[in-house]
Amino acid sequence: MAQRTAVVTGASSGIGAASARALAADGWHVILGARRVDRLEALAEEIGGTALRLDVTDQESVDAFCAAIESCDLLLNNAGGALGTSSIAEGDVDEWQWMYDVNVLGTLRVTKALLPQLVASGDGQVINIGSIAAREPYKGGGGYNAAKHAVAAMTRVLRIELLGQPVRVSEIDPGMVETEFSLVRFGGDAEKAAKVYEGVTPMSAEDIADAVRWVASRPKHVNIDQILMLATAQTSAQVVHREA
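Residues numbered from 1 in each chain as written. Predicted model: local features only at pLDDT ≥ 70, side-chain atom pairs only at ≥ 80, totals over all residues. Heavy atoms only, no water.

**Considerations on the overall build of the protein**
Turning to step 1, where the next piece is worked out: Helix and strand counts for the protein come out as eight helices and nine strands.
Turning to step 2, where the next piece is worked out: The C-alpha atoms of the protein give a radius of gyration of 17 Å, which matches the 18 Å a tight globule of 244 residues would have.
Turning to step 3, where the next piece is worked out: Along the first, second and third principal axes, the C-alpha set of the protein runs to 55 × 35 × 35 Å.
Turning to step 4, where the next piece is worked out: In the protein, buried positions account for 50% of the 244 residues.
Turning to step 5, where the next piece is worked out: Pairs at least 24 apart in sequence give 68% of the contacts found in the protein among residues at least 6 apart.
Turning to step 6, where the next piece is worked out: Surface summary for the protein: the accessible area is close to 11600 Å², and the carbon and sulfur share equals 53%.
Turning to step 7, where the next piece is worked out: In the protein, 21 side chains carry a positive charge and 31 a negative one; their mean positions are 5 Å apart. (Helix = DSSP H or I, 4+ residues; strand = E, 2+ residues; numbered from the N terminus. Rg over C-alpha atoms; globule rule 2.2 N^0.38 Å. Buried < 20%, exposed > 50% of the residue type's maximum accessible area, 1.4 Å probe, protein only. Contact = heavy atoms within 4.5 Å. Areas by Shrake-Rupley, 256 points an atom, 1.4 Å probe, with all protein chains shown as cover. Lys, Arg positive; Asp, Glu negative; His and termini not counted. Charge placed at Lys NZ, Arg CZ, Asp CG, Glu CD.)

Here it is as structure tokens:
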């Protein structure tokens with residue numbers, strides 16, 4: 001059989017990079033998309049994949065990225081992120097706009113562009129990386145909650161609209177994962193980001209990648225609609241047991 005192709009967005013670090021490694025280990029040819037091309041190229045060389053620059057917030061970038069892809073059997077929409085923890089009353093519109101652009105419109109742009117290829121594959125899959133923020137609103141998470149709730153709704157609508165077509169649609173919602181997520185959220189403040197994980201063992205990017213590879217390996221007649229993943233020490237978005 002011909003090698004199947006997986007496309008991973010936000011592949012330069014964290015869950016995206018770990019998932020690319022996991023999929024490559026399972027025999028997929030992985031096309032890596034992200035803005036940090038130097039990181040992408042190093043990862044592509046490591047796993048035998050293909051590195052292509054991608055900014056999911058830029059339609060021209062998405063168009064160029066997708067035009068370079070000859071076939072696609074699996075799309076992992078991982079590009080996303082949060083900015084800030086301000087209240088609704090003090091919400092930063094620019095931060096909200098960025099979160100909506102990268103999480104929601106970015107997922108839409110790439111999915112829309114590659115959907116014909118996914119259908120043509122005869123057994124396509126779309127896996128969207130969501131968040132516990134898509135299921136549970138929490139204080140200070142307004143913009144990110146809104147964006148990830150939108151991704152969850154879009155994922156469900158896509159599943160409904162593709163019923164009868166040879167494309168499966170899945171959503172994986174992680175809780176606390178130690179990646180660059182908090183560093184980005186807090187504007188590069190490493191000390192503040194580190195405090196998020198103090199006294200607790202969070203999940204790793206590789207933990208989420210294990211779920212991605214499992215979902216991707218299910219037989220054609222099985223669709224894993226949703227997975228919620230939390231660290232053992234976490235029971236909800238803001239309820240975490242921390243060791244003294």
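**Structural notes on empty space enclosed by the protein**
Turning to step 1, where the next piece is worked out: Counted according to the given criterion, the structure contains one cavity of 30 Å³ or more.
Turning to step 2, where the next piece is worked out: For the largest cavity, the calculated volume is near 60 Å³.
Turning to step 3, where the next piece is worked out: Lining the largest cavity are 13 residues, and of these L83, G84, M99, G140 and G143 sit closest to its centre.
Turning to step 4, where the next piece is worked out: Sorting the residues of the lining of the largest cavity by element identifies α4 (93–120) and α5 (142–161) as the ones contributing at least two each.
Turning to step 5, where the next piece is worked out: Class assignment of the residues belonging to the lining of the largest cavity gives a composition of four nonpolar, seven polar and two charged. (1 Å grid on protein atoms, 1.4 Å probe; cavity = no way out; pocket = protein on both sides within 12 Å on 5 of 7 lines; lining within 4 Å. Points joined across faces, edges and corners; volume = space filled by probe spheres on them. Nonpolar A, V, L, I, M, F, W, Y, C, P; charged D, E, K, R; others polar.)

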